[in-house]
Amino acid sequence: MEKIFKGFYLLLIAMSFTACEKDDSTPNPEPAETVSGVFILNQGSDGQNNAGISYYDLETGDFKFDIATASLGDTGQDMIAYGSKLYVSVSESGRVTVFDLKSHTRLKDIDLKNGEQLRYPRYLASYNGKVYVTTFDGNVVRIDTTSLSQDGITPVGPNPEGIAAVTGKLYVANSGGLSYPNYNNTLSIVDIATFKEEETLTVGLNPSFVHADSYGNVYLTYRGNYDDISAGFQQIDTKTNTVTDIPIPANQDFVIVGDSLYFYGVTYNADYTTNNTFGIYNVKTRQLVPDQIITDGTKITTPYGIGVNEKTKDVYISDTDYSNPGTVYVFGEDGKKKNTLKVGLNACKFVFY
C-alpha cells in the first residue's frame, strides 16, 4: 500500500511540475490603503491549456471567471503584483504573461526559451524595478519591468522553485525535483547587484516555497522524499545565514502578512484521503498563535492555495479534486466562513489589489 500511496503522490507532484517602476523593495511592504479586489490564479491541468485568472471585486461583489481574453496557457504556476502590473508564470507554455492591474488588459507574453527549448518558468519575486523568475532548467531570469523583456540570466541549482528577495539578495530553493529519489537540498543566495550566485546553504530535502518577512528572515517549506524523509519548515536568518528547523506542520505554500505567517500542511493516507492542518505562526515572537484559521467546522478536502487580505485579514483557501473546477472558501478573522467562490481548476495563488 505504501508503494501505491507514493506513486499517487508523485503523480500529483508531477502534475504540478508540468503543472521601470520602482516600488517599495522591502520583502513585506505595508498594505495599500484600500483593497478593491483579488486575482485568483487557476493552475489548470498539464497539457490542457486551461490555466486562467479569476477576479473577485470586493467592492461590488462582481466575479469574473477568467480575465484573459485568450487562453492563458498551460499550467499557471505563480502570480505577483508589482507596480501597475500583474505578472504570471505559465510553466508548460514557457512564458511570463503580464497584465495591467487596473484594466486587466493583457500587455505582453514574455517567452523564456533556450533556443527552441522552453525554460519552464516557476516562481516570481520583485526588487527595484525588476522581476525575477526561477526556471526549471536551473536558472533565474531577470525581467525589466519597463521594456517587459528578459535582460539577464544566471545559473543556480537543479530545478529551482521558490524565490524571495531580501536586502539585495535573492534566495532560491533548488529542489532537484526531476531527480527522484535523489532530490536536492540547497538554497542559492544570488547577489542582485552582480546577478551571480555567491553562496549556497544546506536546507531540507526537496525545498519548495520561499517567502520573507519584514525582519530580513526567509522561510521555506521542503517536501522530503515522500517516503522515509518527511517534509518540514525552516527559517533562514539572512544576517548570519543560519538555518533553523521550526516544528510547525507546514509543508505547502504559506503567506506572511505583518507578523503573521499563515500556513497549511497536507499529508496523504494510503486510501488517498488527506490530513490537513491550518495555522498561524508569529514571526516576531516565534510562537504558534492559538487562534485558528477555520473555527466553524468547514471541511476542506484538498487545500491547494492560501491567500490573506492584508486589510481585513480574511483568509482565502482553495479546495481541489485535480480534475474539476474548484472552490475558494473565504474565512473571516474569527475563522468563520464568509463566502464561497466557484473558480477554475487547481486555484493556487491569490493577489489582492
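Source: prediction; values computed, not measured.

Right, let's talk about the sheet that holds strand β30 (residues 347–352) for a bit. Ordered in space as β3-β2-β1-β30, the four strands form an open sheet in which the pairing is antiparallel. Strand pairing shows two members of the sheet lacking a second neighbour, β3 (63–64) and β30, which therefore form its edges. Note that strand β2 (residues 52–57) and β3 share two bridges and pair antiparallel. Counted as the bridge partner of Tyr 55 is Lys 64 from β3.

Glancing now at a negative patch on the surface. Judged by side-chain charge, Asp 291, Asp 296, Glu 333 and Asp 334 come together as a negatively charged surface patch. With respect to the helices and strands, the residue Asp 291 is situated in the loop between β25 (287–288) and β26 (303–308).

Before going further, it helps to spend a moment on the sheet that holds β25. The strands that make up a sheet pair up through hydrogen bonds in the backbone, lying either parallel or antiparallel. What the four strands build is an open sheet, ordered β22-β23-β24-β25; its pairing is antiparallel. Looking at strand neighbours, the two that pair on one side only are β22 (254–257) and β25, the edges of this open sheet. With four bridges joining them, β22 and strand β23 (residues 260–268) adopt antiparallel strand pairing. Within the sheet, the bridge partner assigned to Val 255 lies in β23 and is Tyr 262.

If you walk through the whole model with that rule in mind, you get twelve aromatic pairs. With a centroid separation of 6.0 Å and an interplanar angle of 55°, the aromatic rings of Tyr 316 and Phe 350 are classed as tilted. Of this pair, Tyr 316 sits in strand β27 (residues 315–319) while Phe 350 is found in strand β30, placing the two residues 34 residues apart along the sequence. Judged on exposure class, the residue Tyr 316 and its partner Phe 350 are both buried.

With that settled, the discussion passes to the nonpolar core. The biggest cluster of nonpolar side chains holds 34 residues, and the ones touching the most others in it are Phe 39, Ile 53, Leu 86 and Val 88. Val 88 has contacts with Leu 41, Ile 53, Leu 72, Asp 78, Met 79, Arg 95, Val 96, Thr 97, Phe 99 and Leu 124, leaving out every residue within four places of it along the chain. Membership of the second largest hydrophobic core comes to 25 residues, among which are Tyr 123, Tyr 127, Ile 192 and Tyr 281.

Calculation rules
- Residues numbered from 1 in each chain as written.
- Predicted model: local features only at pLDDT ≥ 70, side-chain atom pairs only at ≥ 80, totals over all residues.
- Heavy atoms only, no water.
- Pairing = 2+ DSSP bridges.
- Helix = DSSP H or I, 4+ residues; strand = E, 2+ residues; numbered from the N terminus.
- Patch = residues over 30% accessible without salt bridge, like charges linked within 9 Å, V, L, I, M, F, W, Y side chains within 5 Å.
- Areas by Shrake-Rupley, 256 points an atom, 1.4 Å probe, with all protein chains shown as cover.
- Salt bridge = Lys/Arg side-chain N within 4 Å of Asp/Glu carboxyl O.
- Lys, Arg positive; Asp, Glu negative; His and termini not counted.
- Charge placed at Lys NZ, Arg CZ, Asp CG, Glu CD.
- Phe/Tyr/Trp six-rings, centres within 6.5 Å; stacked < 30°, edge-to-face > 60°.
- Buried < 20%, exposed > 50% of the residue type's maximum accessible area, 1.4 Å probe, protein only.
- Core = buried A, V, L, I, M, F, W, Y, C linked by side-chain atoms within 4.5 Å.
- Contact = heavy atoms within 4.5 Å.

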